[in-house]
Every structure is written in structure tokens, then in C-alpha cells.
Amino acid sequence: MKKNIFSRFMATLTDLVIALIPLLVWDLIIFIVLAGFLPASVMTFLDDVIRYVIYASFVITNPFITYVYGKTLGQSVFDIHILTMSNKKASPAQRMLRELLGGLAFLGCFYIYHGIGIPIYIVLNLIVILLDKNSRGIADFICRTKPISIAVTSEKADDTKKKDEVEEELPVLEKGKNFYHYDLHAHSKYSVYGMDTVEEIFQKASALGIEVLSIADKFSVKANFEAEVLSKPYGISYISGIEMDCEYKGYPLTILGYGIDYKNPLFVEMGNEHLKLQRGASVQRIEKFKEISGIDMNLSRLINQTTSGIITPEMIIQEVLKNPLYEDVEFLKPYREDDENAYQHLYADYFAPKKACYVNTPLPSLESVLETIKSADGIAILAYPKKSCGDDVELLKEILSQGVEGMEIFSAYHEEEDIQRYLKVARECACFVSCGSDYYGDNELMIQLGDSKAESKYEKLLAILISRCLKKSEPKVNEKG
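Now for a quick tour of the structure.

1. What to know about the overall build of the protein
A tally of regular secondary structure across the protein gives 20 helices and ten strands. Taken across its 481 residues, the protein has 48% of its residues classed as buried. Partitioning the intrachain contacts of the protein with sequence separation of at least 6 by distance along the chain shows that 73% fall at a separation of at least 24. Accessible surface, the protein: about 24300 Å² in total, of which carbon and sulfur atoms supply 58%.

2. Focus on the environment of P313
With respect to the secondary-structure elements, P313 resides in helix 13 (residues 313-322). Judged by its relative accessible area of 12%, P313 is buried. Excluding its chain neighbours within four sequence positions, the residues that come into contact with P313 are R285, Y347 and F351.

3. Description of the sheet that holds strand 6 (residues 241-248)
On the basis of which strands lie adjacent, the open sheet formed by five strands has the order 6-7-8-9-10 and mixed pairing. Both edges of this open sheet fall to strand 6 and strand 10 (432-436), since each of them pairs with a single strand only. Each adjacent strand pair in this sheet contributes to an overall mean axis angle of 40°, direction not counted. As paired strands, strand 6 and strand 7 (residues 251-258) are joined by eight bridges and run antiparallel to one another. For I242, the partnering residue across the bridge sits in strand 7 and is G257. Packing against the sheet, helix 16 (residues 366-375) makes contact with strand 6, strand 7 and strand 8 (379-382), and its axis sits at approximately 155° to strand 6.

4. Structural notes on a nonpolar patch on the surface
Side chains of V123, L124, I127, L131, I138, F141 and I142 sit close together on the surface and give an oily, nonpolar patch of about 660 Å² of accessible area. Sorting the residues of the nonpolar patch by element identifies helix 6 (117-131) and helix 7 (138-143) as the ones contributing at least two each. By relative accessible area, which is 39% here, F141 ends up partly exposed.

5. So, the packing of helix 13 against helix 15 (residues 342-351)
Helix-helix packing is described using two parameters, namely the angle between the two axes and the distance between the axes. Between helix 13 and helix 15, the least distance of the axes is 10 Å, while the angle of their chain directions is 125°. In terms of their interaxial angle, helix 13 and helix 15 are classed as oblique. At the point where helix 13 passes helix 15, the crossing takes the right-handed sense. Two secondary-structure elements touch here, helix 13 through P313, E314, I316, I317, Q318, V320, L321 and K322 and helix 15 through A342, Y343, L346, Y347 and F351. Per-class residue counts for the contact of helix 13 with helix 15 are ten nonpolar, one polar and two charged.

6. Examining the nonpolar core
The biggest cluster of nonpolar side chains holds 56 residues, and the ones touching the most others in it are I255, L366, I399, M407, I409 and F410. Non-local contacts of M407, meaning those with residues more than four positions away in its chain, are made with I381, L382, P385, L396, L400, Y422, V425, A426, C431, F432, V433 and S434. Among the nonpolar cores identified, the runner-up in size contains 24 residues, and I148, M315, I317 and F351 belong to it.

7. Side note on the packing of aromatic side chains
A full pass over the atoms with the stated rule returns ten aromatic pairs. With a centroid separation of 5.3 Å and 85° between ring planes, the pair formed by Y384 and Y413 is classed as edge-to-face. In this pair, Y384 sits in the loop between strand 8 and helix 17 (385-389) while Y413 sits in the loop between strand 9 (406-411) and helix 19 (416-429), placing the two residues 29 residues apart along the sequence. Residue class for Y384 comes out buried when judged on its relative accessible area of 8%. Owing to a relative accessible area of 26%, Y413 belongs among the partly exposed residues under this scheme. Taking the centre distance of 4.9 Å and the plane angle of 40° together, the rings of F410 and Y458 count as tilted. Linking F410 in strand 9 with Y458 in the loop between strand 10 and helix 20 (459-480), this pair joins segments that are 48 residues apart in sequence. Each member of the pair F410 and Y458 is classed as buried. What links up through ring pairs into an aromatic cluster is the set F289, F331, Y335, Y350 and F351. Here the guanidinium or amino end of K387 rests over the ring plane of Y413, the centre of that ring lying 4.1 Å away. A cation over an aromatic ring shows up here: R421 above the ring of Y422, its NZ or CZ 5.7 Å from the ring centre.

8. Observations regarding helix 10 (residues 222-234)
Helix length check: helix 10 (13 residues) gives 19 Å between terminal C-alpha atoms against 18 Å at 1.5 Å per residue, within 8%. Largest kink in helix 10: about 35°, centred on E228. Residues A223, N224, A227, L230 and S231 constitute the buried set of helix 10. The positive-phi residue at the C-terminal boundary of helix 10 is G235, with phi of around 65°.

9. Re the sheet that holds strand 4 (residues 212-215)
Reading across from one edge, 3-4-5 is the order of the three strands in this open sheet, with parallel pairing throughout. The two strands at the open ends of the sheet, each matched to only one other strand, are strand 3 (182-186) and strand 5 (237-238). Sheet topology places strand 3 next to strand 4; three bridges connect them, and they run parallel. Looking across to strand 4, one finds that Y182 is bridged to V212. Helix 9 (residues 198-208) contacts strand 4 and strand 5 of the sheet and is inclined by roughly 155° relative to strand 4.

10. Looking at unusual backbone geometry
At D377, a position not held by glycine, the phi torsion is positive, near 60°. By the element assignment, D377 lies in the loop between helix 16 and strand 8. In this structure, A430 takes a positive phi of about 55° despite not being glycine. On the secondary structure map, A430 appears in the loop between helix 19 and strand 10.

11. Details of the packing of helix 9 against helix 10
Taken N-terminus to C-terminus, the directions of helix 9 and helix 10 make an angle of 35°; their axes are 9 Å apart at the nearest point. Note that helix 9 runs across helix 10; the crossing there is right-handed. Two secondary-structure elements touch here, helix 9 through V198, E199, F202, Q203 and S206 and helix 10 through A223, E226, A227, L230, S231 and Y234.

Cut-offs applied
Residues numbered from 1 in each chain as written. Predicted model: local features only at pLDDT ≥ 70, side-chain atom pairs only at ≥ 80, totals over all residues. Heavy atoms only, no water. Helix = DSSP H or I, 4+ residues; strand = E, 2+ residues; numbered from the N terminus. Buried < 20%, exposed > 50% of the residue type's maximum accessible area, 1.4 Å probe, protein only. Contact = heavy atoms within 4.5 Å. Areas by Shrake-Rupley, 256 points an atom, 1.4 Å probe, with all protein chains shown as cover. Pairing = 2+ DSSP bridges. Axes fitted to C-alpha atoms, helices over the stretch in contact; angles between N-to-C directions. Patch = residues over 30% accessible without salt bridge, like charges linked within 9 Å, V, L, I, M, F, W, Y side chains within 5 Å. Salt bridge = Lys/Arg side-chain N within 4 Å of Asp/Glu carboxyl O. Parallel < 35°, antiparallel > 145°, perpendicular 65-115°, else oblique. Left-handed = near helix turned anticlockwise from the far one by under 90°. Nonpolar A, V, L, I, M, F, W, Y, C, P; charged D, E, K, R; others polar. Core = buried A, V, L, I, M, F, W, Y, C linked by side-chain atoms within 4.5 Å. Phe/Tyr/Trp six-rings, centres within 6.5 Å; stacked < 30°, edge-to-face > 60°. Lys NZ or Arg CZ within 6 Å of the ring centre and 35° of its normal. Expected span 1.5 Å × (residues − 1). Bend = angle between axes of the 7 residues up to and from the residue.

Take it as geometry only, folks, not as evidence of what the structure does.
If you want it as C-alpha cells, here you go:
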């Protein structure tokens with residue numbers, strides 16, 4: 001509340017300065033008179049002229065700026081947006097009328113109380129804002145609008161979410177329809193856009209009855225240090241993991257490393273390089289999406305929401321679909337009509353490889369990633385082959401022949417026909433079979449922990465990889481412990 005009022009106060013103060021620009025002309029005239037270029041008598045005439053120009057400025061300048069740019073300078077600087085009471089973007093007429101009424105109210109106080117009218121107006125408006133449950137000012141009451149600071153709103157939403165999570169009764173978590181008691185592909189906050197802490201993942205996994213878990217963060221092994229400690233008190237078998245993007249003959253792949261020695265310094269080097277490249281790609285994603293959609297997002301605000309400075313496609317999609325400012329954007333309407341799958345479809349149409357907003361950042365080679373995993377005594381598994389290989393079975397077999405030891409066949413991204421196709425390849429290539437949800441947190445992607453589409457009839461097949469990974473992990477724990 002305090003931050004919201006402060007942002008609005010500073011925005012109002014900025015607009016007040018803009019409206020008082022004619023005073024600069026008055027100061028300039030004084031200097032000209034003092035320099036002897038104009039007679040002092042001209043001051044008497046110009047005094048009245050400048051006063052009326054200032055009056056006109058209060059009812060013309062900011063409404064005009066709002067008409068041209070959609071918002072005042074103060075609102076732009078402090079990220080203030082004007083919405084209707086139903087949380088839709090206010091119309092141009094509403095925004096202009098709001099600025100006009102604000103200017104007239106200020107002039108009324110100034111005309112009656114002269115110089116002291118400025119603080120009187122600000123105090124009166126502040127009292128109204130504090131008394132109203134929606135924090136509306138005088139002009140907002142008349143125009144049926146409300147100003148919001150998006151950055152503060154997002155922050156409050158995050159605080160509310162954290163509070164709700166603390167109060168959540170974890171034992172009543174519902175299992176998704178595709179739930180399985182193994183999940184070897186979860187992400188924590190150490191992933192660029194993961195939402196949960198490592199302990200929150202263990203809490204949820206325990207409540208759901210997950211027996212074997214692996215947190216495979218993208219180019220980060222940090223979660224494994226915490227998970228090693230948490231696995232015993234939560235009674236969950238843990239397999240150390242990491243996720244790394246790479247490239248093979250122009251095809252982007254995602255490789256999971258299981259049972260790794262996560263203390264190997266090679267993982268830190270690869271992680272630092274990944275952060276550097278992705279930060280550059282973030283700006284490119286925003287610019288490409290703006291060209292396609294016409295949506296101009298606040299880059300600085302999005303960056304401030306991250307701990308790494310990386311803006312992912314998922315963050316962009318979440319921003320445009322959740323932010324009420326974009327509710328009436330024509331570009332988004334087809335996706336809003338299919339609310340259940342809006343996120344997935346928007347990603348597939350614009351941010352998937354070879355699509356208009358995809359940014360092709362340099363990736364390490366498949367060979368180098370496999371060498372890293374091998375040097376850390378790990379097992380390399382191809383994540384969700386549907387994304388990288390699609391229906392191309394021959395490409396998949398070629399990738400497996402390079403030293404990839406298995407596939408994540410059971411995945412939230414695979415349909416039954418995909419699963420059967422990849423199972424056939426697994427039998428032919430005699431490779432490991434894995435399952436994972438690719439869980440990032442409770443967001444609109446609607447992928448829940450444990451939802452991998454695995455079934456009990458494939459238990460023995462999955463157990464081969466799990467028993468192998470657990471055997472590789474146990475000696476490391478015993479050696480250090």
C-alpha cells in the first residue's frame with residue numbers, strides 16, 4: 001500500500017512539474033528584462049498572460065499527452081496504469097477526462113487558496129485515497145477508474161501466494177490424472193523460471209506420495225546440495241540431476257544428467273556461460289514478440305522479477321495472459337478463447353524452435369554435454385524427445401547412438417501414440433526409459449509434480465534406470481557422510 005501510494009504521489013508530482021512548464025517561460029522573461037532587452041513595464045502585462053497560460057496548461061497539457069501517448073509522463077516513469085473498476089484497460093476518453101478533472105480540481109484549490117492550494121489539493125486527494133478501499137482519488141471516483149502500479153501489484157500477488165503456500169494443508173494435495181510415484185524431472189528456483197524452493201518441492205512430493213525424485217535444474221546443480229540433506233527426513237529416495245541444453249546437427253536438444261557428481265566444477269563453468277548467453281537473448285525475445293504482437297512490455301520490470309536477469313518465453317507468455325492491461329489486445333483473443341491450453345499454444349506458435357520469436361542462442365554441442373556428464377559419472381537421458389525429434393525415429397536413433405543412454409518417454413508433453421513410438425525405439429536400442437513431469441511450480445502451464453503419464457504396467461522398465469541411478473548416488477553420500 002505504501003509503495004503504491006508513493007509511486008502514485010511521485011507520478012502526480014512529475015505531472016505537476018510538466019503542467020508548470022510555463023513558469024520556465026516566466027523565469028526566462030525575467031532574465032531578459034534584467035539584461036535590458038525588454039522594459040520592466042512589460043512585466044505587468046506578461047504577469048497576467050503567464051498566469052492564464054499556467055491555468056490552461058493544467059487542463060490541456062497532461063490530457064493532451066494522455067491522448068497522444070496513452071498515459072502521462074509521470075504514469076510512464078512510475079509504471080502507473082489506469083484501469084476500469086472491472087480491471088479492464090480504461091478507454092482513451094476515460095483517461096483524458098481523468099486528467100482534465102484532476103487539473104480542474106487543482107486549479108480550484110489554487111484559485112481559492114493561491115500558493116497554499118497546492119499542498120491542500122495533495123492532502124485532500126491523499127485523504128480520499130486512504131479512505132477508499134480501492135485507493136481511488138477524486139477524479140477516479142468521477143471517471144469510474146482506478147490507478148495501479150503493476151510492479152507493486154505483482155509484488156503483492158507474490159507475497160499473497162507465499163502466504164497461501166505457508167498456510168496450505170499439504171496432505172490434501174490432489175494427484176493429477178497422470179500422476180506417478182516417480183518424478184525424475186522437477187525444477188526448483190535454481191532454474192531460471194522455477195517457482196518452488198527445494199524444500200517446497202520435497203513437501204509437495206511427500207504429500208503426494210512420490211517415492212523417487214530428481215531435481216534437474218537447467219545448467220545448475222545447486223538444488224542437489226539441499227536435496228541430499230532433505231531426502232532422508234522426508235523419506236524420499238533422491239537422484240542427483242541437472243538439465244542442459246545442447247545442439248546436434250542444428251537440432252536443439254535437452255539432456256538430463258542423472259546420478260552425477262554434482263560437486264564437479266565443470267557444472268559451474270557451464271552454468272556461468274549459460275547465464276551470459278541467455279541474458280542477451282532475453283532482450284531479443286521481447287523485441288521479436290513486440291514486432292509480432294504489438295505489445296510493448298516493460299523490460300526493466302520483467303528483469304527485476306528474476307534472480308538471474310533472464311526473461312524466458314514462459315515469463316513473457318505469463319505476463320501477457322495474466323496482466324489485465326493486455327486483456328483487450330486483439331492478438332491474444334484467439335488464445336484467451338482456449339483458456340485451458342492458452343500457454344502451450346502461444347508457446348508452440350511463437351517461441352518454439354524455428355518460430356518467429358525463437359532466439360537461437362549458441363548452445364554447447366551434444367558431444368561436450370555428454371563428456372561433462374560422463375566425467376561426473378552420470379547417466380545421460382534425452383528429455384521429452386517429442387520436442388526435439390517429433391516423429392523422426394531415425395533422428396532419434398542417431399542421437400541415442402552418440403552416447404545418450406536413454407529417453408524420457410513418459411512426459412507431460414507426450415501423447416499415448418508418442419509413448420508407444422518411443423517405447424518401440426527403446427526396445428530396439430536397448431536404452432534406459434525415464435519419466436518426468438518437467439514441473440516448474442504451480443503456474444498456468446498446469447503441469448503438476450508427478451504428472452508424467454507413466455503407468456504401473458511400466459514399473460519394471462522404469463525401475464531399471466532408477467535402481468542404477470540410486471546405486472550411483474549412494475556411494476557418494478556415504479563417502480561424504
